[in-house]
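# Remarks on the overall topology
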Amino acid sequence: MSPSHFTRVFRAATGRSPHQYVLGQRLERARRALLTTDTAIADIAGACGFADQSHLTRTMRRHLGLTPNALRTNRPSAAGAPDGPLRSDT
């Protein structure tokens, strides 16, 4: 299967390109780690496949509308953080 055919089939099945899908998975993993651990943001960024902390910050601000630090600062103190959807406007 050619890369362009795969992309068309993938988009038809998921509604998103393969890149958008993978980015969404990385952001969701980072969001969960930020809400449930006290691991350094730079370490979370690396573990989730971002080049560095600034790459995670730019991407998260673009897709979630807030920075990793803001997300962590405003996290609920109770267990079971909300699982709201990610914005996917880009």
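Counting starts from 1 at the beginning of each chain's written sequence and moves along it residue by residue. With pLDDT at 70 or above as the cut-off, local features in this predicted model cover only qualifying residues; side-chain atom pairs require 80 or more to be listed or tallied, and sums for whole chains, interfaces and linings still use all residues. Water and hydrogen atoms were dropped before computing side-chain values, which therefore reflect all heavy atoms in the structure.

### A short note on the confidence of the model for the protein
Should the pLDDT be low somewhere, the predicted coordinates at that spot are not to be read in detail. As a reminder of what qualifies: Confidence scores here are pLDDT values: one per residue, from the predictor, ranging 0 to 100. Should any heavy atoms of two residues lie within 4.5 Å, those residues are considered in contact.
Overall, the predicted model of the protein reaches an average pLDDT of 88, with 84% of residues at or above 70. Note that residues 78-82 has pLDDT below 50 and, in this model, 5 contacts with residues that lie over four places away or in other chains. Scored below 50 in pLDDT, residues 84-90 shows 16 contacts in the model against residues more than four places distant or in partner chains.

### Focus: the nonpolar core
Heads up, the rule is: Take the buried Ala, Val, Leu, Ile, Met, Phe, Trp, Tyr and Cys residues and link them wherever side-chain atoms come within 4.5 Å; each set so joined is a nonpolar core. Residue exposure (1.4 Å probe, protein chains only): buried if accessible area is under 20% of the type maximum, exposed if over 50%, otherwise partly exposed. Strands here mean DSSP runs of E at least two residues long; helices mean DSSP runs of H or I at least four residues long; both are numbered from the N terminus.
Among the nonpolar cores identified, the biggest contains 15 residues, and L27, A30, L34, I44, F50, L56 and M60 are the most heavily contacted of them. Among the elements of the structure, α2 (18-36), α3 (41-47) and α4 (53-64) are those that each provide at least two residues to this core. Sorting elements by how many residues they give to this core places α2 first, with 6 residues. Apart from residues no more than four positions distant in its own chain, I44 is found in contact with A30, A33, L34, T37, T39 and R72.

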